[in-house]
Amino acid sequence: MTEQLRMMAVHAHPDDESSKGAATMAKYVSEGVDVLVATCTGGERGSILNPKLQGDPYIEEHIHEVRAKEMDEARDILGVKQEWLGFVDSGLPEGDPLPPLPEGCFALQDVDEAAGRLVKLIRAFRPQVITTYDENGGYPHPDHIMTHKITMVAFEAAGDPERYPEAGEPWQPLKLYYNQGFNRPRTQALHEALLERGMESPYGEWLERWDKMGRERTLTTFVPCGDFFEIRDKALIAHATQIDPDGGWFRVPMDVQREVWPTEEYELAKSLVGTSLPEDDLFAGIRNN
């Protein structure tokens, strides 16, 4: 294939693109791949997680604008393009029983209708590869689960001229991946490496929770991108309301990360081209075909 390679990453909120697959995107951008982040919501109901910014009245009153500006900065750091799908953040319901979701939010939209916006973007951008979340959302946030649902519909519908005829010329993506960067093998390897070096690990409680869940995903694709971990972290820090730069995200020294686990991981969910597993490239089976 001599045509320009293009990848679309479909995410629920601003900051998700920087915590899930960011080093992969930066690597592909450096190779000349055209990368577009589709952000489903504005993150309006996201909590301010950086303790240094909590209680700031301007941020609380203008959270939508603040998070949009953070997204602009992260986008520029990663070198990607970015589009908003324009849905309203559903928030993360807490309590027992859980409260109802807010009226009009993303997670309460009709799936087929909401997928139409993504179909239009797919047909305009024409990606060969799409990444998103698995059916559990990576973790059970209602917006992550809804992102999965509309992406599955859009992947199938974008190439069908009879579906969403108003959304542009049909285009069929060739591969669909689930982000699986938060996985047991990676976490276990980093945890053990830190303990072996006499360092404190932030992953002990994570591993205990995994033991209780007893659930593992299939990792099919390991993209080498250790050289881009610093760009990933810089993009993540740009989402200042969401990320504490002194928090657990950044406690593993960069040299340990690169030595022990220099890849980001994916689960191949759908492929319309031949490929052999495991892969080290999201475009395996597409390049030179």
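Data block above holds the structure.
None of the values given here were measured: they were computed from a predicted structure.

## A few points about the packing of aromatic side chains
Thinking step 1. For the structure on display, the rule yields five aromatic pairs.
Thinking step 2. Taken together, a centroid distance of 6.2 Å and an interplanar angle of 75° make the contact between Y177 and Y266 edge-to-face. Taken as a pair, Y177 in strand β5 (residues 175-179) and Y266 in strand β7 (residues 263-271) lie far apart in primary sequence, 89 residues in all. The pair formed by Y177 and Y266 is uniform in burial state, with each residue classed as buried.

## Quick notes on helix α7 (residues 184-196)
Thinking step 1. Across its 13 residues, α7 extends 18 Å between first and last C-alpha, which sits within 8% of the 18 Å expected from 1.5 Å per residue.
Thinking step 2. Among the residues making up α7, those that are buried are R184, R186, T187, A189, L190, H191, A193 and L194.
Thinking step 3. Against α8 (204-213), α10 (254-260) and β7 lie the buried residues of α7.
Thinking step 4. Looking at where α7 begins, the residue whose side-chain oxygen comes 2.8 Å from the main-chain nitrogen of R186 is N183.

## Some thoughts on the pairing of strand β1 (residues 6-11)
Thinking step 1. Burial of β1 is extensive: six of the six residues sit out of reach of the surface.
Thinking step 2. Here β1 shows two buried faces, one formed by R6, M8 and V10 and the other by M7, A9 and H11.
Thinking step 3. Pairing between β1 and strand β2 (residues 34-41): six bridges, direction parallel. Bridge pairing in β2 links H11 to T39.
Thinking step 4. Pairing analysis gives three bridges linking β1 to strand β4 (residues 129-132), with the strands arranged parallel. Note that in β4 the partner of M8 across the bridge is I130.

## Notes on the packing of helix α5 (residues 111-125) against helix α6 (residues 142-157)
Thinking step 1. Direction vectors running N to C along α5 and α6 enclose 60°, while the axes themselves pass 8 Å from each other. It follows from the interaxial angle that α5 and α6 lie oblique. The interaxial crossing formed by α5 with α6 has right-handed handedness. Of the residues in α6, those in contact with V111, D112, A114, A115, L118, V119, I122 and R123 of α5 are M146, K149, I150, T151, V153, A154 and A157.
Thinking step 2. Among the residues forming the contact of α5 with α6, the class breakdown is 11 nonpolar, one polar and three charged.

## Quick notes on unusual backbone geometry
Thinking step 1. Cis peptide bonds are those with omega within 30 degrees of zero, and the linkage from L277 to P278 qualifies with 0°.
Thinking step 2. Residue placement: P278 occurs in the segment after β7.
Thinking step 3. One non-glycine residue with positive phi stands out, namely R126, at about 60°.
Thinking step 4. Even without glycine at this site, Y164 takes up a positive phi of about 50°.
Thinking step 5. Counting through the fold element by element, Y164 comes out in the loop between α6 and β5.

## Here's the deal with the sheet that holds β2
Thinking step 1. Strand order in the open sheet formed by seven strands is β3-β2-β1-β4-β5-β7-β6, with mixed pairing between adjacent strands. Of all the strands in the sheet, the pair left with one neighbour each is β3 (81-87) and β6 (221-224). Strand-to-strand twist across the sheet, computed as the mean angle between neighbouring axes with direction ignored, equals 30°.
Thinking step 2. Note: β4 against β5, four bridges, orientation parallel. Opposite T132, over in β5, you have Y178 as the bridge partner.
Thinking step 3. Those strands touched by α6 are β1, β2, β3, β4, β5 and β7, and its axis lies near 170° from that of β5.

## Some words on the environment of L277
Thinking step 1. Considering the arrangement of structural elements, one finds L277 in the segment after β7.
Thinking step 2. C-alpha separation for the pair L277 and F222, spaced 55 residues apart in sequence, amounts to 10.0 Å.
Thinking step 3. What L277 contacts, discounting residues up to four positions off in sequence, is T220 and L268.

Rules of the game
- By convention here, each chain's residues receive numbers from 1 onward along its written sequence.
- With the structure being a predicted model, the display of local features is reserved for residues of pLDDT at least 70 and the display and counting of side-chain atom pairs for 80 or more, all residues being used for whole-chain, interface and lining totals.
- The side-chain figures draw on all heavy atoms in the structure; neither hydrogens nor water molecules are used.
- Two rings from Phe, Tyr or Trp (for Trp, the six-membered ring) form a pair when their centres are within 6.5 Å of each other. A pair whose planes differ by under 30 degrees is stacked, one over 60 is edge-to-face, and the rest are tilted.
- By definition, any uninterrupted DSSP run of H or I lasting at least four residues is a helix, any uninterrupted run of E lasting at least two residues is a strand, and each is numbered from the N terminus.
- Buried means the residue's accessible area, taken with a 1.4 Å probe over protein chains only, is under 20% of the maximum for its type, while exposed means over 50%, and partly exposed covers the values in between.
- A helix's residues, less one, multiplied by 1.5 Å, set its expected span.
- Working rule for contacts: check all heavy atoms of both residues, and any pair within 4.5 Å makes them a contact.
- Residues adjacent in sequence count toward polar contacts only when both atoms are side-chain atoms; beyond that, a polar contact is any pair of N or O atoms within 3.5 Å, and within protein one must be able to donate a hydrogen and the other to accept it.
- At least two DSSP bridges between two strands are needed for those strands to be called paired.
- Each axis is a line fitted through C-alpha atoms, and for a helix only the stretch in contact is used; angles between axes span 0 to 180 degrees, taken between their N-to-C directions.
- Oblique is the label for any angle not under 35 degrees, not over 145, and not in the 65 to 115 range, which are roughly parallel, roughly antiparallel and roughly perpendicular in turn.
- Helix crossings fall into two classes, left-handed where the near helix is turned counterclockwise from the far one by less than a right angle and right-handed where it is turned clockwise.
- Any residue outside Ala, Val, Leu, Ile, Met, Phe, Trp, Tyr, Cys, Pro, Asp, Glu, Lys and Arg is labelled polar, Gly included; the first ten of those are nonpolar and the last four are charged.

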